[in-house]
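Here are the chains, one letter per residue:
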Amino acid sequence: MEISTIGLDLAKNVFQVHGVDAEGRVVVRKTLRRAQVLPFFEKLPPCLVGMEACGTAHYWARELMKLGHEVRQMPPAYVKPYVKRGKTDAADAEAICEAVTRPTMRFVPVKSPEQQAALSMHRARDLLVKQRTQLVNMVRALLAEFGINIPQGVRLALEMARKIVDGEAPAVPSEAARVVG
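Overview of the structure. (Residues numbered from 1 in each chain as written. Predicted model: local features only at pLDDT ≥ 70, side-chain atom pairs only at ≥ 80, totals over all residues. Heavy atoms only, no water.)

Topic: helix α1 (residues 34–42)
Move 1: Residues of α1 that are buried: Val37, Phe40 and Phe41. Down the axis of α1, the buried side of the element spans an arc of 85°, and every buried residue falls inside it. Residues Ala35 and Glu42 are exposed on α1 and point more than 90 degrees away from its buried face.
Move 2: In this structure, the buried side of α1 is in contact with β1 (5–9), β2 (14–20), β3 (26–33), β4 (48–52) and α2 (57–66). (Buried < 20%, exposed > 50% of the residue type's maximum accessible area, 1.4 Å probe, protein only. Helix = DSSP H or I, 4+ residues; strand = E, 2+ residues; numbered from the N terminus. Arc of directions from axis to C-beta. Contact = heavy atoms within 4.5 Å.)

This is the structure we're talking about:
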């Protein structure tokens, strides 16, 4: 019996494989460690491999495609309805195997390393912008406790911070200065 479809549940270190033949009979249920994944798939003839589009999925998809397999990624929310029993890695792999064969299933295109790098840069920038906003809001709230009002907006807050450092900003009330000093 030849494997025609595999559901691969990705994880950090231990991956679960669920494979069926053309008639839908279970041919393989296997747990693989990270180092065993590529050697396992190298031994298989090309087949359809389904996986959830999650962390590391694009990397594994590219690697399996290099070995000649057809890889399809699905959003995890689309796979969830196919889980028949409790939330386990084996049940997830089985659900992925079932979902990938559905004619109405929507798939996520595999991203290239360049696309992933660009996306990573956008995410890092978004994080830095959020952290900057949080910091400005925290400083604004702390200084408001001492009677110093910083206007909203990053540019205005930075201008006020510059004035405070240069000694041009309103003085901190004497009672606050005694507590801080």
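A closer look at the pairing of β1
Move 1: With respect to burial, β1 is a largely interior element, 5 of its 5 residues being buried.
Move 2: On β1, burial covers both faces: Thr5, Gly7 and Asp9 on one face and Ile6 and Leu8 on the other are all buried.
Move 3: Where β1 and β2 come together, 5 bridges link them in antiparallel fashion. Considered in β2, the bridge of Thr5 is made with Val20.
Move 4: The turn joining β1 and β2, which pair antiparallel and follow one another in sequence, is formed by 4 residues.
Move 5: As judged from the 4 bridges shared by β1 and β4, these two strands associate in the parallel manner. Its bridge partner being in β4, Leu8 is matched across the sheet by Met51. (Pairing = 2+ DSSP bridges.)

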